[in-house]
Structure formats: structure tokens, C-alpha cells
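# Coordinate analysis (summary)
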Amino acid sequence: MDFRNMNRETGFQHLCESVFVRLCQIVGTSIQVTIRRETRDIKEMLDRQVTGDDYLHYINMQSGSIREGFRLKGSDLDMMFWPNNHRVIWDMSQSEYYYNENKTLILSDNSESPPGFTLLQLLTPTTEREVQLSCVPMNDRLYISSSLFRRQTQTHQYPDSVEHGPCESGEVPGGGEYDFAFCFACDFWPPAASSWIDRCHSWPDREVVNDIVRNGCHLVPIGHPLGVHGHEHEEWRISFSLAEHKLVHTMNHCQFLTYGLLKIFLKEVINQQLDETNKLLCSYHMKTVVFWVIQQNAVPLWCPQNLLAGFWVCFKLLLKWVYEGVCPNFFIPQNNLFLSKVHGSAQRSLFQQLHGLYEKGLVCLLKSPSIRSSITDVLYNPRLFICTDNDRIMPECDIDVELYKEVFRNDSVTANTLDHYIKVLYIIGRMIGSPLTQYQVVMVQRITATILQSTAFTLNNMYTNTGLNKLMYIADRMSCNMLKLAAKFGCISDMAYIAMYHYEMSRYREAISVIELTKVKLSQPGLMYKKYHKRYTEAVGGRSWSYKMKQAVADDISLYIHICYINELIPEQQSAQQNQRDTLSIPLFVVLQFVEFLCYRYIDTTLAQTALEELQVLVHYDQGLYVHHLSRDISWEILGICQQMTGNLQAALHSFQHSLTQFPTSGIQTATQMRIQDLHIT
């Protein structure tokens, strides 16, 4: 089966449709991808508007394949961080746009750097310690060393993190890897990429081009691989991550799936035959080739019936690049992405491998385990009916699972004071009056519930034990109303925050009443907690997402580390903060049993013991249904806290020790070790 012959066969379009449907199952339908992007868009939009007043030291942005809409197994979590009060400029005239007392200015000096790279000269004083310790004198000026900056900004968020290019890399709990890049932002488009603007005749359209140029770029701490002028430790690379994810978002779904197919083909076919040292190609090369093919109009029609033709054009361009040893950066073509990697014997070997695949034609896709069946099914059954309609590919329950998963994944806003929470609520109020998609409405609804909860507990923290009875009473009433409102349009698990609040206010019977009502709701058929339940559609199918969320959806409880929710967990929150965690995530059913135990200690010791026994069974024997393996450290910790309260010190010690043996997802090890020391002293 050769590509050139297949193009004349009537079955070619059928084959393309089959692969299209298979890619929708692996990569995602257009609905899934839209959900992933739009929910994240809402979070980032809120973060940008809240942080516009420069109160944060560092701004963060998700980039890479996850931000683009992929959820492939092993996809990296890519995050970029930059100091909010520092800005890079390309020439001195751009300094007029800033008040120097508010921004530390950095001047790009690329007079001795190859295309795509530059030196960064510190123009105005900085108070940022990481930047101060990264400065080196050169030619009577102060420059920021990229290698020193990388060293200073290492977070070591998870064990065994390593330096990888400009990033700190490590393993994400549960699988996959993360890349954290600390960098600098530039509000202006780099002059070296000005030719890209002129090149955009047909793709992307002028509106997207203007938006990309308006948002500038970033400078990441890595020098030119060849160290051409001996400045590899001082040089910085111009990063177009923000522009790239905007470009990926402008692709139609067939183009996006072609990009996904190239990533799969790279992982399962090209790199599968090589050892780690010989894997010269990466996903970024696949993205680059798709960008060039789309812009050059090399494929006349991007549609499901032509999917494999688009893939083949991309593959041939990649083969040409490997043969020539030149992969031109999409924004700065003079920057050869193959430099220092694809050359000499390694280049010849890679070309021979790719050319061997090329000679096989599209048959080479049979080497991909993920794609193989979609090809063989059509070959063995040419009359097989294939539906490429996205609305029919995916049932309602699967769309709901995707939506809830992404909503809870993005359920946080960069805010940590009462003023910030009030500002978020004000921004949300304005957003509600603007056009929102159906998925964005659900995201706004979820974030509003979370902000109301954070505001309620923050207000309570401010006025509890102040001795000002009237203010305490008013704050209490406001907090209760906000928590009830959050639960009214939130999901079932939002009721747990009301129970925690009542416990903190010593209203133990009210807390127990809320817990009992929550448990009744959680026992209803069709509950969606962590995964789809087979009776979910029967229970709430066809209803609005607001109704479904309130009646049939639950999630774990997230405690922001700067807010006190339950006094007994303050050491754990402090430990999590020391380990660069923003929240402490606890399984919902563990929280309910924990609060029930705490309340019954003041009401009925027998029932308190019963609650403790139920918690013990949950933590000891649950097989991931209610306690995910990545939440076992905090779950064992809470069990130990309860056991210690009852005086069972031996059992508490066992639980704390068990907590230390779990994956340190929560970052509570310091608190656990402290509790163990207290037990030994006792």
C-alpha cells in the first residue's frame, strides 16, 4: 500500500476518516479540546486582571502541549514564571513606556549573539534577590547570567528534579513530567522576528497576528548550543511560547489532529527504534513543521477525508529538513533548531531511518500501536461505516467527565487577601454580563463558589477572637451566607466547607447536620466523583450543567495554605507552604469523617469513636475509589491526628510513619516529622 497509489483509491478518504476518528479518541474531539482551552482561558483571564496591580512577585503561565489542548499520556506540564516588576526592552526608546520606580528595566543586547539569542543588560536597580545574585560585570556594564539565574531559581518542588535546558524538570505525581522555566517578560515584539509579520499573508489572519505582536515574548535562561561568541553562560533565548499556543488555537481540528498524529508517530515509531542518546527529534520540531506547512498552503484542504495527505506533507518536509540539517525556527528562520544536534553521523543515521519509513508510504503508520487498528479495520472491512461528526462521536456523559475534570483542574485564582477576593468577585460580575460560551459559564460558576468560600474563611480569620462582638457577629453572618451561596450553585462537595466553618465556630450540631445531609446526597445513584458512574446519565442526563453539578458531582477539598479552615491542620498547611504548595488537597470522604470525629468529641464520645473507626477503614482499605493514591500522605496524616487526640499514641505513630512512606504530593513531611517528635516526647 503506497501513498502515491492510495491517493487514487476510493478507499483513501475512508482510511483518513477512520484515522481521524481514532485520533479524536486519543487526542480529543473538537468539543473536548474546546473545553480544555476555554476553561483555562477563564482562569488566566481572571489571573491577569487580578494581578494587574503588580501585587505579585512572579506571574505564571501554562505553556506547552497541555495548554494547547493535548492530554496525551506523558504530556509535560510546562509552566513559565517571571518577575512581574521586571521588563525587557529592545531599545532605549521603549523605556518611556514605564515608570522606572515601578519596573526594573533590562536591555536586550544582541550585537554579539546569534539569531534568536541575546544578552540582557540590567539598566535599573533590582530588589529581586535571584536577579541580584545572577549579575556579572562585562565591558563596564552589568549583565544577567542565564546559567546563574537558572541556579538561583531552582524550586526543587518534587524529589529528583534536574536541570533540563532552560527548565527545572522532574516527575509529576501520577505520571508525566513537568518543566518549570523562570524567565523575563518583554511587552514588545522582537525586531529579529519582524519578518514573520510580513510572512503572514494567509495564516494566521491579521487579527491573530496583531494580538500575538501586542503580547510580546519571553526570554528564557539558556544560551546558544554552540557558544559561538563564548557567551553561552550569559545568553538568553527568545521564547515565543505565548505566540505558539495562540497559533495552535487558530488551527482547525483536522490540523490539530495532524499535529497530534505527528507527536504520536514521533513517540511510537521514530523514537521507539532509538536509545535515549539518539533521540534527536522532539515535539517542538513537530509543531514547527505543522506551522510551516499550514502557512505555506502546502495542503489544499484540511478536513477528515484528507487527514493523511496533510500528515504526509508534514512528514516529507521533516525528511527534507533532516537531509539538509536545517530546521528553521518559525518566527526567526535564521535560528536553526537542528544546530548542535542533527549533524554528522547522527544526522545521516536519522535520515536513513526516516527515509526507510518514507519508502514504505503510509504503511509506516502500522508501526504505531495507537493508530494501527484504525487502518486495519478499514482494510479488512472497506464498507465499515465511519461517523466523523464530533457531536456523535462522543456521548453526553463523556463530555461531562471532560468538563468537570477541566473545571476542577483550573479551579483556582491567583489571590490571597480579602481585597483580592473582592476584586475577583467584581471582575466576575463584569464577565457575567459579557458573552461567555457554555463551558466558560460553568468555569465561572465553579471559580465563583471557590472565591466565596475563600472570602468567607478569610473574613472569619480576620475577626475571630478580636473581642469586637458586633464585628464578629456581622462577619459570621456574612461568611455563612457566602458559604451557603457557594453551595447553592456549586457541587455536592461544597457543603463540606459549611461543615468545617460551623466546626470552627463551635457549632458542632449544625456541622453534623450538614455532614449528614452531604452523605445522603453522596449516596444517591449516579454520583460522579473522580470518574464516571454508570447511573449518572440515568440520574441527570439531559439536564443543565448547573443542575448536574449541584445534584451529582463531587470533588476533593482544597485548602489554600494562607487561610485557616481547621486549626488542627495548621501545621500541615504551614509545611505545604514551605514546600511551595499553594493548596492542600484532601479526599472529600476523609474530610467528612475528620470533621464528624472532631464535632462528636464535644457531643458524644461513642459516636466520635465510630467516626474514627470509619475513617480508619477508609484510609486502610480503600482501593483508590474514595482515596486516590496521591492523596494517601494527607489521609494517613489526618488519621494519625485523630488517633493522637484519643490518646492512642501507638496507632498515631504508625499512621504518621505510614504518611511519610507515601508519595509526598501534599508537601506535609515537615509537619509529619514534627508530630512524630511530639509523640516521642510525650
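Above this text you will find the structure in question.
Residues numbered from 1 in each chain as written. Predicted model: local features only at pLDDT ≥ 70, side-chain atom pairs only at ≥ 80, totals over all residues. Heavy atoms only, no water.

## A few points about the overall build of the chain
For the record, the criterion: Strands are runs of DSSP state E lasting at least 2 residues, helices are runs of H or I lasting at least 4, and numbering of each runs from the N terminus. The quantity called the radius of gyration is restricted to C-alpha atoms. Its globule counterpart is 2.2 Å times the number of residues to the power 0.38. Residue burial is assigned from relative accessible area. The probe radius is 1.4 Å, only protein chains are included, and a residue is buried under 20% of its type maximum, exposed over 50%, and partly exposed in between. Only heavy atoms matter for contacts: two residues are in contact if any of them lie within 4.5 Å across the pair. Computed by Shrake-Rupley with a 1.4 Å probe, the accessible areas treat only the displayed protein chains as cover when residues are assessed. The sign given to each residue is positive for Lys and Arg and negative for Asp and Glu; His and the chain ends receive no count. Lys charges are placed at NZ, Arg charges at CZ, Asp charges at CG and Glu charges at CD.
Each helix and strand in the chain was counted, giving 29 helices and 17 strands. Here the chain has a C-alpha radius of gyration of 28 Å; the compact-globule value for 682 residues is 26 Å, and the two agree. By its C-alpha atoms, the chain is 80 × 75 × 55 Å across when sized along the principal axes. The buried share of the chain, reckoned over its 682 residues, is 56%. Partitioning the intrachain contacts of the chain with sequence separation of at least 6 by distance along the chain shows that 69% fall at a separation of at least 24. When the accessible area of the chain is evaluated, it comes to approximately 30200 Å², of which 51% is carbon and sulfur surface. Side-chain charges of the chain comprise 59 positive and 69 negative groups, with the mean position of each set lying 5 Å from the other.

## As for the nonpolar core
Note the threshold: Within this scheme, the nonpolar core is defined by two criteria: the residues are buried Ala, Val, Leu, Ile, Met, Phe, Trp, Tyr or Cys, and they are joined through side-chain atoms within 4.5 Å.
One finds Leu-46, Met-500, Tyr-565, Leu-588, Val-595 and Ile-638 to be the most contacted residues of the largest nonpolar core, which totals 104 residues. For Tyr-565, the residues in contact, after removing those within four places along its chain, are Ser-454, Phe-457, Tyr-497, Met-500, Glu-504, Ser-558, Leu-559, Tyr-560 and Gln-573. One finds Tyr-58, Val-131, Tyr-178 and Tyr-259 within the second-largest nonpolar core, a separate group that totals 102 residues.

## Remarks on the pairing of strand 1 (residues 58-63)
In the case of a regular strand, side chains alternate between the two sheet surfaces. Basically, it comes down to this: Strand pairing requires that DSSP identify at least two bridges connecting the strands.
Of all the six residues making up strand 1, five are buried; the element is thus mostly covered by neighbouring parts of the structure. Examined bridge by bridge, strand 1 and strand 2 (residues 77-83) share six bridges and lie antiparallel to one another. Bridging across to strand 2, Ile-59 finds its partner in Trp-82.

## Re unusual backbone geometry
Trp-203 connects to Pro-204 through a cis peptide bond whose omega is -10°. As for its position among the elements, Pro-204 is in the loop between helix 7 (194-199) and helix 8 (206-214). A positive phi is found at Asp-140, a non-glycine position, where the angle reads about 65°. Mapped onto the elements, Asp-140 comes out in the loop between strand 6 (135-138) and strand 7 (141-144). A relative accessible area of 84% means that Asp-140 is categorised as exposed. Phi at Ser-340 takes a positive value of approximately 75°, unusual for a residue other than glycine.

Any link to function would need more than the numbers given here.
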